[in-house]
Amino acid sequence: MELKVSCLAERPEMLRDVVGMANSWPEFLLHDPVGNAHYGRIASELPEYVLFAEDERGRVVAHAYSVPFALADEEGDELPARGWDEVLARAFSDRRRGTPPDTVSAISIVVAPHAQGGGLSARMLSAMRDNARARGFDEVVAPVRPSAKHLEPATPMREYAFRERSDGLPHDPWLRVHVRAGGRIEAVAPASMTVAASLEEWRDWTGLPFDTEGLVEVPGALVPVHCEPGRGYAVYVEPNVWVRHSV
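All values derive from a computational prediction rather than experimental measurement.

## Description of the environment of L51
Step number 1: Within the secondary structure, L51 is located in strand β2 (residues 50–54).
Step number 2: Separated by 13 residues in the primary sequence, L51 and A64 place their C-alpha atoms 5.1 Å from one another.
Step number 3: Excluding its chain neighbours within four sequence positions, the residues that come into contact with L51 are V5, S6, C7, A62, H63, A64, M124, A127, M128 and N131.

## Let's talk about the pairing of strand β3 (residues 60–69)
Step number 1: For β3, the buried fraction is high: 10 of the 10 residues fall into the buried class.
Step number 2: In sequence, β2 turns back onto β3 through a hairpin of five residues, with G58 there showing a positive phi of about 85°.
Step number 3: Strand direction decides the pairing type here: β3 and strand β4 (residues 103–111), joined by eight bridges, are antiparallel. Bridging across to β4, A62 finds its partner in V111.

## A short note on the nonpolar core
Step number 1: Residues I42, W202, F210 and Y236 are the most contacted members of the largest nonpolar core, which totals 79 residues.
Step number 2: It is β3 that contributes the most residues to this core, seven residues altogether.
Step number 3: When neighbours within four sequence positions are excluded, I42 is seen to be in contact with P47, V50, Y65, S66, V67, L88, F92 and I107.

## Topic: the pattern of salt bridges
Step number 1: Following the criterion strictly, the structure yields 15 salt bridges and no others.
Step number 2: In this structure, R203 engages E200 in a salt bridge whose closest nitrogen and oxygen atoms are separated by 3.9 Å. Taken together, the residues span about one helical turn, with R203 and E200 both in helix α7 (residues 199–206) at a distance of three residues.
Step number 3: If you follow the salt bridges from partner to partner, you end up with E139, R184, E186 and R244 in one network.

## Considering α7
Step number 1: The complete set of buried residues in α7 reads L199, W202 and W205. Along the axis of α7, the buried residues cluster in a sector spanning 125°; they form a single face. Seen from the open side of α7, the exposed residues pointing more than 90 degrees away from its buried face are E200 and D204.
Step number 2: Those residues of α7 that are buried are in contact with β6 (184–198), β8 (225–228) and β9 (233–246).
Step number 3: One or two steps after α7, the chain reaches G207, where phi turns positive at roughly 75°.

## A word on the side chain of H63
Step number 1: Tracing the backbone through its elements, the reader meets H63 in strand β3.
Step number 2: Under the relative-accessibility criterion, H63 is labelled buried at 5%.
Step number 3: Every residue in contact with H63, bar those within four places of it in the chain, is listed here: V18, M21, Y39, L51, F52, S108, I109, V110 and M124.

## Comments concerning helix α3 (residues 83–97)
Step number 1: An ideal rise of 1.5 Å per residue puts 21 Å on 15 residues; α3 measures up with 21 Å between its terminal C-alpha atoms.
Step number 2: By the burial criterion, the buried members of α3 are G83, W84, D85, V87, L88, A91, F92, S93 and D94.
Step number 3: Looking at the packing, one finds that the buried side of α3 touches α2 (33–45), β3, β4, β5 (139–144), β6 and β9.

What counts and how
- Residues numbered from 1 in each chain as written.
- Predicted model: local features only at pLDDT ≥ 70, side-chain atom pairs only at ≥ 80, totals over all residues.
- Heavy atoms only, no water.
- Helix = DSSP H or I, 4+ residues; strand = E, 2+ residues; numbered from the N terminus.
- Contact = heavy atoms within 4.5 Å.
- Buried < 20%, exposed > 50% of the residue type's maximum accessible area, 1.4 Å probe, protein only.
- Pairing = 2+ DSSP bridges.
- Core = buried A, V, L, I, M, F, W, Y, C linked by side-chain atoms within 4.5 Å.
- Salt bridge = Lys/Arg side-chain N within 4 Å of Asp/Glu carboxyl O.
- Arc of directions from axis to C-beta.
- Expected span 1.5 Å × (residues − 1).

Right, here's the structure in full:
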């Protein structure tokens, strides 16, 4: 597949195609309130941090979103436990306050369903790193959502994230892409994204009954969802894995 990777700031006419590209996210992930408040702002307010790939017919087949934010403070540059949610909120808070960013965080790399399996995610990660370097940054951090963790929802993320194959590379395919690109697995973000909703909403999103108290395994979820039928709600707290890339 012949591909062309561009920056949305240089091709603003592609905004609709980039934003409208098909994806394969589980439905419940689209209901994180922090993501709903800020994710859509990236393409319109920070288009220089949005990259996209077109195939030979000009169709958008992948995109990569990132945000600049201020990581270093008086306590150093420890990566936040609230991962994806906190980076998104902090990036736009810094922007509002005029705080200069010192780091770029990956937010998402999405490949259209029909184009998956061809190495596009690795190419978009490389383009994201190059874009950060070109804009004067020397580091990209990423709250990574391991691509095969949903197959082991009961396994603690700390155990899963640092599991290696016999060749020393990560067991997880998406973490393996990051490490092959030069990334270093640093820590687990234990509460990277939180989705709290009524049982009716969870039933609508998943097709599951959500009528038993305790942990419910949901297709696509990295850990079980905590269900409270007596109180009428269920909560999903997703852990991610922090990876640091020097660029």
